[in-house]
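Observations on chain architecture
Chain residues, written in single-letter form:
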Amino acid sequence: MRFLLDPQQRAFADSLDAMLTAADTPSVVRDWSRGDHGGGRALWSRIAEVGVFALAVPEAYEGMGPHPVELAVGFVELGRHAVPGPLVETVAAAALLAELADPVPAGRLLPSLASGEASATLALDEAYALDGDAATTRLALAADGLRLAPGHGPVRASLDPARRLTPLTPGGELLASAPPVAHALVWARLATAAQALGVGLALLDRTVAYVRQRTQFGVPVGSFQAVKHRLADAKIALEFARPLLFGAALTMAPADVAAAKVTACEAAYATARTALQLHGAIGYTAEYDLSLWLAKARALRTAWGTPAECRAEVLSGGARRW
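First, a word on scope: everything that follows refers to the structure included in this document. (Residues numbered from 1 in each chain as written. Predicted model: local features only at pLDDT ≥ 70, side-chain atom pairs only at ≥ 80, totals over all residues. Heavy atoms only, no water.)

1. Topic: the nonpolar core
Counted only if it meets this: In this description, a nonpolar core means a group of buried Ala, Val, Leu, Ile, Met, Phe, Trp, Tyr and Cys residues linked to one another through side-chain atoms lying within 4.5 Å. Buried residues are those whose accessible area, probed at 1.4 Å on protein chains only, stays under 20% of the maximum for their type, while exposed residues exceed 50% and partly exposed ones sit between those limits. Put simply, DSSP H or I for four residues or longer makes a helix, DSSP E for two residues or longer makes a strand, and each gets a number counted from the N terminus. Whether two residues are in contact is decided by their heavy atoms, any of which lying within 4.5 Å being enough.
Within the largest apolar cluster, 83 residues are counted, with the highest numbers of intra-cluster contacts made by Ile47, Phe75, Leu97, Leu110 and Leu245. No other element matches helix 7 (residues 181–213), which puts 13 residues into this core. If near-sequence neighbours (up to four positions away) are discounted, leucine 97 is found in contact with Ala106, Leu109, Leu110, Leu113, Leu139 and Leu175. Grouped together as the second largest cluster of nonpolar side chains are 17 residues, Ala82, Ala162, Ala196 and Ala268 included.

Next comes the structure, spelled out in structure tokens:
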């Protein structure tokens, strides 16, 4: 099946791309990695102004959603520009809060997430939370239900320096005793898949541009047949992931979303390996911007479900729509 974006969706993607291109996101990412969140928060506000986070929040809570297809469109561009912050976690938190049996926590927390005034992180099963030091809303799944964590512990190292992991402080307000975690997981995997696809597309574009400039034996290395084959394989993998992503956004079936997640993340990871090989030694240096996307491709591969976990979901045939 062929999925094509309509004019409004293409315009939305183009406007995000133009805004993020002008924002010099590599410098924002490096500042975020050092714990300087000023530039990242300013960028977060601009992303919220164009409605990205509101797409995950129902209209009843001052959002514009839920619109999973448009959210996927937006997250592809966020991944393409390596935007830092708890992007996926905010979407997952919004999906979780919106489905709580008690609407009071949603009414209190969701409007600020939709507007960008607040950001959220979410920790499941005592795992580390992403950017707990920067998020203003920290949700933790405890033994007795979903709690609003009062704080966070020290920042831990991550595969991606811009993904700052923190334990959340136990205790805090109990929001729900039986939160719909599976529903939030589907949204988190969809956003992760879209982000990974954007990362892969950026890596491919940067690598194609590089091999056109780098020369060996007096000719661009991009003219070598072996290089063309590696780039073609990466392109095919990413293009195969695209319809799976938007097909999953239409159905929101757990198995469909898991298939999109594993396919997009594996395609981005394979593209990262190709990019690293074709760039040579310079690709290993942290000072070179390519490293920002390389690290993100590797980290997203296991975020919100490892490849094995997502494949198991697909094989289980879980077609229930959440």
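2. Remarks on the pairing of strand 1 (residues 120–123)
Note the cut-off: At least two DSSP bridges between two strands are required for those strands to pair.
Burial of strand 1 is two-sided: the residues Ala120 and Leu122 facing one way and the residues Thr121 and Ala123 facing the other way are all buried. In the sheet, strand 1 pairs with strand 3 (residues 137–142) via four bridges, with the strands oriented parallel. Along strand 3, the bridge assignment pairs alanine 123 with alanine 140.

3. Points about the environment of glycine 222
Positionally, glycine 222 belongs in the loop between strand 8 (219–220) and helix 8 (225–251). Separated by ten residues in sequence, glycine 222 and arginine 212 place their C-alpha atoms 5.3 Å apart. With residues near it in sequence (within four places) discarded, glycine 222 still touches Val211, Val227 and Lys228.

4. Topic: the packing of helix 5 (residues 87–98) against helix 6 (residues 103–115)
Heads up, the rule is: Axis geometry follows a simple rule: fit a line to the C-alpha atoms, using only the stretch in contact for helices, then measure angles between N-to-C directions, giving values from 0 to 180 degrees. Small angles under 35 degrees read as roughly parallel and large ones over 145 as roughly antiparallel, with 65 to 115 read as roughly perpendicular and the rest as oblique. Handedness of a crossing is defined here by the sense of rotation of the near helix relative to the far one, left-handed for an anticlockwise turn of less than a right angle and right-handed for a clockwise turn. Throughout this entry, Asp, Glu, Lys and Arg are counted as charged residues, while Ala, Val, Leu, Ile, Met, Phe, Trp, Tyr, Cys and Pro are counted as nonpolar. The remaining residues, Gly among them, count as polar.
At a closest axis distance of 10 Å, the pairing of helix 5 and helix 6 adopts a crossing angle of 150°. Taken together, the axes of helix 5 and helix 6 are roughly antiparallel relative to one another. For the pair helix 5 and helix 6, the sense of crossing is left-handed. Listed contacts from helix 6 to Thr90, Ala94, Leu97 and Ala98 of helix 5 are Ala106, Leu109, Leu110 and Leu113. Split by residue class, the contact of helix 5 with helix 6 holds seven nonpolar, one polar and no charged.

5. Observations concerning the pattern of salt bridges
We apply this condition: What counts as a salt bridge is simple: a side-chain nitrogen of Lys or Arg found within 4 Å of a carboxyl oxygen of Asp or Glu.
Under the criterion given, the structure shown has twelve salt bridges. Lysine 296 is the partner of aspartate 160 in a salt bridge, and the nearest nitrogen-oxygen pair spans 3.0 Å. Placement of the pair is aspartate 160 in the loop between strand 4 (145–148) and strand 5 (165–166) and lysine 296 in helix 10 (residues 290–300), with a sequence separation of 136 residues. Assessed through its relative accessible area of 4%, lysine 296 is described here as buried. Glutamate 266 is the partner of arginine 311 in a salt bridge, and the nearest nitrogen-oxygen pair spans 3.5 Å. Separated by 45 residues along the polypeptide, arginine 311 in helix 11 (residues 307–316) and glutamate 266 in helix 9 (residues 254–279) bring together distant segments of the chain. Overall, the relative accessible area of 42% leaves arginine 311 in the partly exposed class.

6. A short note on unusual backbone geometry
Note the cis peptide between glycine 65 and proline 66, where omega equals 5°. Tracing the backbone through its elements, the reader meets proline 66 in the loop between helix 3 (38–49) and helix 4 (68–80). With a phi angle near 55°, alanine 82 is a residue other than glycine that sits in the positive phi range. You can see alanine 82 is positioned in the loop between helix 4 and helix 5. Residue classification places alanine 82 among the buried residues on the basis of a relative accessible area of 1%.

7. So, the environment of leucine 43
Positionally, leucine 43 belongs in helix 3. Look at leucine 43 and you get buried, because its relative accessible area is 4%. Leucine 43 sits 246 residues away from aspartate 289 along the chain, and the two C-alpha atoms are 18 Å apart. Residues within four places of leucine 43 in sequence aside, it is in contact with Leu20, Ala23, Thr25, Val28 and Val83.

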